[in-house]
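Architecture and fold: a report
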Amino acid sequence: MIEEFLTQLTWLQGLGTLFGIVQVVLARQNNVHTYLFGIASILISMWVLYQSALYADILLNMYYLVMSVYGWVYWKFGKQKTETPISSVNKNEFLKANGIVLACFLLMSYWLTFHTDSDVPIWDAVVVAFAWAGMWLMAKRKIENWIYLNISNIISIPLMVYKELYIYAGMTVFLFIMGTSGYLKWRKLMKNESELTYATA
């Protein structure tokens, strides 16, 4: 019975990882359909994480779900009813992003420490805090999203290993590599968009 359960969990990790890989590849390409694969990966991940008592990560995925829907709409239409271009954060957005990190860490670390049976409350809270900010920036199509997400990824890798979620640990290594590549790709796209705007001005 236990062996069957673990096999099912591993299979679900694999499927969720596959969807997650497609999502990141599409995000790197600045393709709006990244969110469709992201939603599928999120739903699978929530079940796997629940079985592993990573409660903050479950909340993170619920947040991802909401932001994925918001991000898809914002990427497609933005405020001008036209597709939103890649851009950098301004001072206000930078402060908001760091405010999200701090507020999320404080709330998650408190909740995990005093209201759950988590054995890694601080660790889990840090991973989630940077990911929340990164996902918010991704939905806004801000290039800095890759930096915040990669901070979350680099901290998450040993956490996944500790929890014996080896497939997810491997996926997180992949996400870190793709996050670095995504940042460089978006920076190039931003430069091209800027040059095109300047040329047509």
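So, how was this worked out
- Numbers given to residues run from 1 along each chain, matching the order in which its sequence is written.
- For this predicted model, a pLDDT threshold of at least 70 governs which residues receive local features, and a threshold of 80 or more governs which side-chain atom pairs are given and counted, while totals over whole chains, interfaces and linings are taken from all residues.
- Excluding hydrogens and water, the side-chain values take into account all heavy atoms of the structure.
- For this analysis, a ring pair means two rings from Phe, Tyr or Trp (six-membered ring only for Trp) whose centres lie within 6.5 Å, classed as stacked if their planes differ by under 30 degrees, edge-to-face if by over 60, and tilted for the remaining angles.
- Helix and strand definitions follow DSSP, with helices as H or I runs of at least four residues and strands as E runs of at least two, each counted in order from the N terminus.
- The term salt bridge refers to a pairing of a side-chain nitrogen on Lys or Arg with a carboxyl oxygen on Asp or Glu at a separation within 4 Å.
- Buried means the residue's accessible area, taken with a 1.4 Å probe over protein chains only, is under 20% of the maximum for its type, while exposed means over 50%, and partly exposed covers the values in between.
- Known as pLDDT, the predictor's per-residue confidence is scaled from 0 to 100.
- Whether two residues touch is decided by their heavy atoms; if any such pair falls within 4.5 Å, the residues are in contact.
- Here, nonpolar core refers to any group of buried Ala, Val, Leu, Ile, Met, Phe, Trp, Tyr and Cys residues whose side-chain atoms link them within 4.5 Å.
- Here a helix's expected span is defined as the number of its residues, less one, multiplied by 1.5 Å.
- Bend angle per residue: angle between axes fitted to the 7 residues ending at that residue and the 7 residues starting there.
- In protein, a polar contact requires one atom able to donate a hydrogen and another able to accept it; more generally it is a pair of N or O atoms within 3.5 Å, and residues adjacent in sequence count only if both atoms are side-chain atoms.
- Each patch is assembled from residues with relative accessible area greater than 30% and no salt bridge, linking like charges that lie within 9 Å and nonpolar side chains (Val, Leu, Ile, Met, Phe, Trp, Tyr) that lie within 5 Å.
- Here the accessible surface of atoms and residues is derived via Shrake-Rupley with a 1.4 Å probe, and residues count as covered only by protein chains that are part of the display.
- Angular values range over 0 to 180 degrees, each being the angle between N-to-C directions of two axes fitted as lines to C-alpha atoms, with helices fitted over their stretch in contact.
- An angle counts as roughly parallel when it lies under 35 degrees, as roughly antiparallel when it exceeds 145, as roughly perpendicular when it falls between 65 and 115, and as oblique in every other case.
- Two helices cross in a left-handed way if the nearer one is turned anticlockwise from the farther one by less than a right angle. They cross in a right-handed way if the turn is clockwise.
- Asp, Glu, Lys and Arg are counted as charged, while Ala, Val, Leu, Ile, Met, Phe, Trp, Tyr, Cys and Pro are counted as nonpolar; the rest, among them Gly, fall into the polar class.

This part covers the packing of aromatic side chains. Counted under the stated rule, the structure contains 5 aromatic pairs. A ring pair is formed by Trp146 and Trp186, whose centres lie 5.5 Å apart and whose planes are at 90 degrees; its orientation type is edge-to-face. Of the two residues, Trp146 is situated in helix H6 (residues 145-162) and Trp186 in helix H7 (residues 166-200); the sequence distance between them amounts to 40 residues.

What the rule picks out here adds up to 2 salt bridges. A salt bridge links Lys142 to Glu93; the shortest N-O distance between them is 3.4 Å. Placement of Lys142 in the loop between helix H5 (121-139) and H6 and of Glu93 in helix H4 (residues 91-115) is noted, with a sequence separation of 49 residues between them. A relative accessible area of 10% places Lys142 in the buried class. Two residues, Lys163 and Asp119, come together in a salt bridge whose shortest N-O distance is 2.8 Å. With Lys163 in the loop between H6 and H7 and Asp119 in the loop between H4 and H5, this pair connects stretches of sequence that are 44 residues apart. Classification of Asp119 as partly exposed rests on a relative accessible area of 44%.

Before going further, it helps to examine the confidence of the model for the protein chain. Put simply, the protein chain has an average pLDDT of 83, and 88% of its residues get 70 or more. The least confident element of the protein chain is helix H1 (residues 2-28), whose mean pLDDT is 70; the most confident is H6, at 95. Confidence drops under a pLDDT of 50 for residues 1-6, and excluding neighbours within four residues, the segment shows 1 contact in the predicted structure.

What follows is about the nonpolar core. Counting residues in each nonpolar core, the largest one holds 31 residues, and the members touching the most others are Tyr63, Tyr64, Met138 and Trp186. For this core, the secondary structure elements donating two or more residues are helix H2 (34-51), helix H3 (55-77), H4, H5 and H6. Among the elements that line this core, the one with the most residues is H5, at 10 residues. Formed by 13 residues, the second largest nonpolar core is a distinct cluster that contains Val48, Val120, Leu165 and Ala169.

Glancing now at H6. The end-to-end C-alpha distance of H6 is 26 Å, a good match for the 26 Å that 18 residues give at a rise of 1.5 Å each. Taking the largest bend as the criterion, H6 deviates by roughly 35 degrees, centred on Ser156, and proline Pro158 comes between one and four positions later. Glu164, located one to two residues past H6, shows a positive phi value of around 60 degrees.

This next bit is on the side chain of Lys163. Polar side-chain contacts of Lys163 include one of 2.8 Å to the side chain of Asp119. If we skip the residues at most four places from it in the chain, Lys163 touches Ser52, Leu54, Asp119 and Val120.

Another point: a nonpolar patch on the surface. Taken together, the side chains of Leu36, Phe37, Val69, Trp72 and Val73 make up a nonpolar region of the molecular surface, amounting to roughly 410 Å² of accessible area. Considering every element that reaches the nonpolar patch, the biggest residue donor is H3, with 3 residues. Position of Trp72 relative to the elements: it lies in helix H3.

A few words now on the packing of H5 against H6. Two elements in contact, H5 and H6, have axes separated by 8 Å at closest approach and are oriented at 150 degrees. The angle between H5 and H6 falls in the class roughly antiparallel. The chirality of how H5 crosses H6 is left-handed. Where H5 abuts H6, its residues Trp123, Asp124, Val126, Val127, Phe130, Ala131, Ala133, Gly134, Met135, Leu137 and Met138 lie against Asn145, Trp146, Tyr148, Leu149, Ile151, Ser152, Ile155, Ser156, Pro158, Leu159 and Tyr162. Grouping the amino acids of the contact of H5 with H6 by side-chain chemistry returns 17 nonpolar, 4 polar and 1 charged.

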